[in-house]
Amino acid sequence: MGPITLFDKSFLQSLSADEAVWFDHFSLPVVCPIFYVETLADLAKEPGKRTAEELVVDIARKFPEWAGSPCGFHIEMCTCNLFGAEVVMDGRIPRPGGRTVKRGVVFEQTPEEEAFDRWSKGEFLDVEKVAAGGWRKALSELDLKKVAGELEMLGIEKKKCRTLEEARDFALEIVNGKERAYARFALATLLFHIPPPQHSRLIDRWRGLGEPTFDFAPYAAFVMTIEAFFRIAMASGLIGTDRVSNRTDMAYLFYLPFCTLFVSSDALHRKCAPLFMRPDQEFVWGVDLKPSLKSINAHFLQLPEEQRDKGISAFAHVPPSGNLLAELWDRSLRPGYRKKNSEPRDPIRDAELVKRFKEFREQPTFDGKLDPDDTEMISVSHTVRHKRGSWWQLPKDYKEEAA
């Protein structure tokens, strides 16, 4: 399991089936809702050289299934943050759902993960086909004129920026300033779809805190800053207005706090994402990572067939040296992690771990409050295909146990 890695649709689409195996195997991919909605929305596209279903099947077959995790929806997290819930922004993934047990949490597969598993087999529920057009519309349902009006109230039209860095700094100034506080709340209620009956409750909470600057809700402020930056950059001619998908592409940046690496093959991401990343994060150009994954694939294909038949976890413990992905491991993970994980696994210890995991998952739900400092483990369910591309992900002779 490698660095926690946010990725976009453009990158995953660029990979071959084998390259996708290694991206999944050597990363802990973050599946953000924007990726899911974009993919599902493809079902509503007009047929070209391939049908909409064929396009989605191709993406679904590359979808991370080994260690990936879906992320909570930014609008829901921002709303909760404004009303007092903490949103941790240190690279951990805020996975939705979960069943609390004693000393831990058990996560089952999300409906989104189950859908990708179906789609990889070419199975589409009627409700998904019907809803696809609606989800595509949802990407642009925000009342942009009202948003523009609130941003004008905050002074967005009074300054032109010469660089993206200036646009970022101006956006920070607008969101975290002290003047025109109510205009910021009006903007927040628009961006996060907060219903009118909740507006006074939000203002009351802010007043109860002593009327601080907007970073009293750090994640909501982060998302608002990116929204303001996007408008400022477009008004200054730093981001083009002719590409309709730019706003959707910018929405991936809302999920930057929940990763260590962000890999994308999108030029807008390449220009803008580093402006909003922590010092311990890194943007990875997908065009560079793809040949690295191809090289890893070629490296392991040199192994004897009998060794490959044992499944990739039996021999592919770390990415090979002299490779971009290995360099990313060394920069992103704790010192010595790659060397330690290159050591052969102990089958007896692995069997004991599997037994512990099963016992942990079968515990009854715990109604009390879970102490984070007393958390023993988190269990996450995944559906993993036996073979994917050229590779046995599980041993070739693996037989699933009867339920």
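A few points on the structure. Model, not experiment: these values are computed from the prediction.

Turning next to the pattern of salt bridges. One pass over the structure, following the stated rule, counts 14 salt bridges. Residue glutamate 65 pairs with arginine 385 through a salt bridge whose shortest N-O separation is 3.0 Å. Here the residue glutamate 65 occupies a position in the loop between α4 (52-60) and β3 (69-70), and arginine 385 occupies one in the loop between β8 (377-380) and β9 (387-388), the gap between them amounting to 320 residues.

It is worth spelling out the sheet that holds strand β5 (residues 104-107) at this point. Backbone hydrogen bonds are what pair the strands of a sheet, in a parallel or an antiparallel way. Taken together, three strands build an open sheet; the order of strands is β4-β5-β8 and the sheet is mixed. This sheet does not close on itself; its edge strands, each paired only once, are β4 (99-101) and β8. Pairwise comparison of adjacent strand axes, ignoring direction, gives a mean angle of 20° for this sheet. Pairing of β4 with β5 involves three bridges; the strand directions are antiparallel. Residue pairing in the sheet places arginine 99 in a bridge with valine 106 of β5. Relative to β8, helix α19 (residues 347-361) is tilted by about 85°, and along the sheet it contacts β4, β5 and β8.

Formed by 103 residues in total, the largest nonpolar core has its most connected members in Trp22, Leu82, Phe192, Phe214 and Phe229. Counting residues per element, this core draws most heavily on helix α12 (residues 218-235), at 12 residues. The residues touching phenylalanine 229, leaving out its near neighbours within four places in the chain, are Leu164, Ala167, Arg168, Ala171, Ile239, Met250, Cys272, Leu275 and Phe276.

On the secondary structure map, proline 364 appears in the loop between α19 and β8. Linking proline 364 and threonine 100, residues 264 residues apart in sequence, is a C-alpha distance of 8.7 Å. When sequence neighbours within four positions are dropped, the list of residues in contact with proline 364 reads Arg99, Thr100 and Val101.

Attention shifts here to the sheet that holds β3. Spatially, five strands are ordered β3-β2-β1-β6-β7 in an open sheet, and the strand pairing comes out parallel. Each end of this open sheet is capped by a strand with a single partner; those strands are β3 and β7 (282-285). One ladder, built from three bridges, connects strand β1 (residues 4-7) with strand β6 (residues 261-264); its direction is parallel. Looking at the pairing, threonine 5 lines up with leucine 261 of β6. Along the sheet face, helix α15 (residues 286-301) touches β6 and β7 and points at about 70° away from the line of β7.

Now for α15. The first and last C-alpha atoms of α15 sit 23 Å apart over 16 residues, in line with the 22 Å expected at 1.5 Å per residue. For α15, the set of buried residues is Gly286, Leu289, Ser292, Leu293, Ile296, Asn297 and Phe300. Along the axis of α15, the buried positions cluster into a sector of 145°, meaning they face one direction only.

Quick look at empty space enclosed by the protein now. In this approach a probe as big as a water molecule rolls over the atoms, and the regions it shows empty are the leftover space. This model, assessed by the stated rule, comprises three cavities of 30 Å³ or more. Among the elements that line the lining of the largest cavity, the one with the most residues is helix α6 (residues 111-120), at four residues. Of the residues in the lining of the largest cavity, the class split is five nonpolar, five polar and four charged.

Another aspect to go through is the packing of helix α10 (residues 181-191) against helix α11 (residues 199-208). At a minimum axis distance of 11 Å, the contact between α10 and α11 shows a crossing angle of 135°. With respect to α11, the element α10 is oriented oblique. When the axes of α10 and α11 are compared, the crossing they make is right-handed. Counted together, Ala181, Tyr182, Phe185 and Thr189 of α10 and His199, Leu202, Ile203, Trp206 and Arg207 of α11 form the full contact between these two elements. Of the residues in the contact of α10 with α11, the class split is six nonpolar, two polar and one charged.

Two elements, β6 and β7, share four bridges in a ladder whose sense is parallel. Bridge assignment links leucine 261 to a residue of β7, and that residue is glutamate 282. The parallel pair β6 and β7, bridged by helix α14 (residues 267-272), forms a crossover whose chirality is right-handed.

When you line up the elements, tryptophan 206 lands in helix α11. When residues no more than four places from it in sequence are discounted, the contact partners of tryptophan 206 are Ala181, Tyr182, Phe185, Glu211, Pro212 and Phe216.

A complete count under the given rule lists zero disulfides for this structure. Cysteine cysteine 259 is unpaired, with the sulfur of cysteine 71 as its nearest cysteine sulfur at 9.3 Å.

As a further point, take the packing of helix α3 (residues 33-41) against α6. The N-to-C vectors of α3 and α6 enclose an angle of 35°; their axes lie 12 Å apart at closest approach. For the element pair α3 and α6, the recorded crossing hand is left-handed. Residues Phe35, Tyr36, Thr39 and Leu40 of α3 form the contact with α6, whose participating residues are Glu112, Phe116 and Trp119. Partitioned by chemical class, the residues of the contact of α3 with α6 number five nonpolar, one polar and one charged.

Rules and cut-offs
- Residues numbered from 1 in each chain as written.
- Predicted model: local features only at pLDDT ≥ 70, side-chain atom pairs only at ≥ 80, totals over all residues.
- Heavy atoms only, no water.
- Salt bridge = Lys/Arg side-chain N within 4 Å of Asp/Glu carboxyl O.
- Helix = DSSP H or I, 4+ residues; strand = E, 2+ residues; numbered from the N terminus.
- Pairing = 2+ DSSP bridges.
- Axes fitted to C-alpha atoms, helices over the stretch in contact; angles between N-to-C directions.
- Contact = heavy atoms within 4.5 Å.
- Core = buried A, V, L, I, M, F, W, Y, C linked by side-chain atoms within 4.5 Å.
- Buried < 20%, exposed > 50% of the residue type's maximum accessible area, 1.4 Å probe, protein only.
- Expected span 1.5 Å × (residues − 1).
- Arc of directions from axis to C-beta.
- 1 Å grid on protein atoms, 1.4 Å probe; cavity = no way out; pocket = protein on both sides within 12 Å on 5 of 7 lines; lining within 4 Å.
- Points joined across faces, edges and corners; volume = space filled by probe spheres on them.
- Nonpolar A, V, L, I, M, F, W, Y, C, P; charged D, E, K, R; others polar.
- Parallel < 35°, antiparallel > 145°, perpendicular 65-115°, else oblique.
- Left-handed = near helix turned anticlockwise from the far one by under 90°.
- Right-handed = clockwise from strand over helix to strand, strands pointing away.
- Disulfide = S-S within 2.5 Å.

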